[in-house]
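Tertiary structure, described
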Amino acid sequence: MKFLEKYGFQKKDIALLKENSSDNLIKELEANKKLVSENLKYLNDLGVTNLIEIFINYHDMFLMDNSNFVAIFNKYEPKSLIEKLAKDVRVMEYL
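What counts, and at which threshold
Residues numbered from 1 in each chain as written. Predicted model: local features only at pLDDT ≥ 70, side-chain atom pairs only at ≥ 80, totals over all residues. Heavy atoms only, no water. Helix = DSSP H or I, 4+ residues; strand = E, 2+ residues; numbered from the N terminus. Rg over C-alpha atoms; globule rule 2.2 N^0.38 Å. Buried < 20%, exposed > 50% of the residue type's maximum accessible area, 1.4 Å probe, protein only. Areas by Shrake-Rupley, 256 points an atom, 1.4 Å probe, with all protein chains shown as cover. Contact = heavy atoms within 4.5 Å. Salt bridge = Lys/Arg side-chain N within 4 Å of Asp/Glu carboxyl O. Expected span 1.5 Å × (residues − 1).

**Topic: the overall build of the protein**
When helices and strands are tallied, the protein shows six helices and zero strands. A compact globule built from 95 residues would reach a C-alpha radius of gyration of about 12 Å, and the protein, at 13 Å, matches this within 12%. Considering only C-alpha atoms, the protein reaches an extent of 35 × 25 × 25 Å along its principal axes. Per-residue burial over the protein gives 39% buried out of 95 residues. Total accessible area computed for the protein in this model is approximately 5,800 Å², and 50% of it derives from carbon and sulfur atoms.

**Looking at the side chain of Asn 39**
Tracing the sequence through the fold places Asn 39 in helix α3 (residues 33-46). Filtering out sequence-adjacent residues up to four positions away, Asn 39 remains in contact with Met 61, Phe 62, Leu 63, Met 64, Asn 66 and Phe 69.

**Considering the pattern of salt bridges**
Following the criterion strictly, the structure yields four salt bridges and no others. Residues Lys 2 and Glu 5 are paired through a salt bridge, measuring 3.3 Å at the closest nitrogen-oxygen approach. Looking at Lys 2, the relative accessible area reads 59%, which means it is exposed. Residue Glu 5 is classed as partly exposed on the basis of its relative accessible area of 30%. In this structure, Asp 45 engages Lys 41 in a salt bridge whose closest nitrogen and oxygen atoms are separated by 2.5 Å. Placement of the pair is Asp 45 and Lys 41 together in helix α3, with a separation of four residues, close to one helical turn. Asp 45 gets classed as exposed once you look at its relative accessible area, which sits at 52%. Overlapping salt bridges, with partners in common, bring together Lys 2, Glu 5 and Lys 11 in one network.

**Considerations on α3**
Between its terminal C-alpha atoms α3 stretches 20 Å, which fits the 20 Å expected from 14 residues at 1.5 Å a residue. Within the span of α3, buried status applies to Leu 35, Val 36, Ser 37, Asn 39, Leu 40, Tyr 42 and Leu 43. Here the buried face of α3 lies against α2 (23-31), α4 (51-58) and α5 (66-74).

Okay, here's the thing in structure tokens:
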């Protein structure tokens, strides 16, 4: 899970993620780190300020095909979406 450090994750964030996730999910994230990285990069480049919090709470979404992942967020005006996500990450449930 070291690849997450590239996106601002600290060792404690990664430890928390591992602690609160199944072994199978962690293995899947590791096995698909290129895809997960693409999706993290997309949100990072979009300007999302709470990327770590979103990933920790909705890490399974980051296993989606990149084009499908991007399509979810492209439905919304970026500035407004970023503001809503910064206020409450639970907005992810409604995208």
